[in-house]
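Okay, here's what each chain looks like letter by letter:
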Amino acid sequence: TGEDRSLLQNNMTLIQERTKALAQEKRFEEALALHREFADHCRAQEVCVTILPWIYERWALDLLDRGEWQASVDRFDQQLRALRGSKRRDRERILQNIGVAYGRWVTALWDAGDWEKVVALLDEQSRRLSGLEGAERSRGNLEKAYRNWLNSRRLHQDAPGAEAVL
């Protein structure tokens, strides 16, 4: 009946508000567990459509702020999967966020002079995000990092005792 549907929607709204509150408190796993518990009821309600991607985005941004690059990229991936069939604009925004995570990750490795990892990560980033705005800059950074990596290997090889190391 109409009254039953209205009651279900009100209950789902309350559950989603609690889910959001848990995510805002950075209790992401609890928020996901609550969402999963009511997922069957939630699928039929308009109020539930955006909550799962929203939780993953909050979690990814929190991880990004803490410098947990790979975990952040993984959560953005989960957000992307949760947005099946969404608008292209939403998917591109998530891909841009993934690009930001890669950028910060690369910067940390770059500052540490870990050229081999920088090259691998930039290559992964440029393949994954090709076609997006900024992808060409990533390709340029990849070429520069590769040159730095080669130079650092040459310097290492020229150092006394380098034969034993390499």
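Everything numeric in this text was worked out from a predicted model, so none of it was measured.

Draft legend 1. Fine view of the pattern of salt bridges. If you walk through the whole model with that rule in mind, you get 8 salt bridges. Two residues, Glu57 and Arg58, come together in a salt bridge whose shortest N-O distance is 3.3 Å. Of the residues examined, Glu57 reaches a relative accessible area of 11% and is grouped as buried. With its nearest N and O atoms 2.5 Å apart, the salt bridge here joins Glu57 to Arg93. Placement of the pair is Glu57 in helix α4 (residues 51-65) and Arg93 in helix α6 (residues 88-112), with a sequence separation of 36 residues.

Draft legend 2. Region of the structure containing the packing of aromatic side chains. Per the stated rule, a full pass over the model turns up 3 aromatic pairs. Arranged with centres 6.1 Å apart and planes meeting at 10°, the rings of Tyr102 and Trp105 form a pair that is stacked. On the criterion of helical spacing, the pair formed by Tyr102 and Trp105 is a turn pair, its members being 3 residues apart in helix α6. Each ring, one from Trp110 and one from Trp115, has its centre 5.0 Å from the other, and the planes form 80°; the classification is edge-to-face. By relative accessible area, which is 14% here, Trp115 ends up buried. Positioned above the aromatic ring of Trp54, the side-chain terminus of Lys20 is 5.8 Å from the ring centre. In this structure, Arg75 is placed above the aromatic ring of Trp59, and the distance from its NZ or CZ to the ring centre is 4.5 Å.

The rules behind these values
Residues numbered from 1 in each chain as written. Predicted model: local features only at pLDDT ≥ 70, side-chain atom pairs only at ≥ 80, totals over all residues. Heavy atoms only, no water. Salt bridge = Lys/Arg side-chain N within 4 Å of Asp/Glu carboxyl O. Buried < 20%, exposed > 50% of the residue type's maximum accessible area, 1.4 Å probe, protein only. Helix = DSSP H or I, 4+ residues; strand = E, 2+ residues; numbered from the N terminus. Phe/Tyr/Trp six-rings, centres within 6.5 Å; stacked < 30°, edge-to-face > 60°. Lys NZ or Arg CZ within 6 Å of the ring centre and 35° of its normal.

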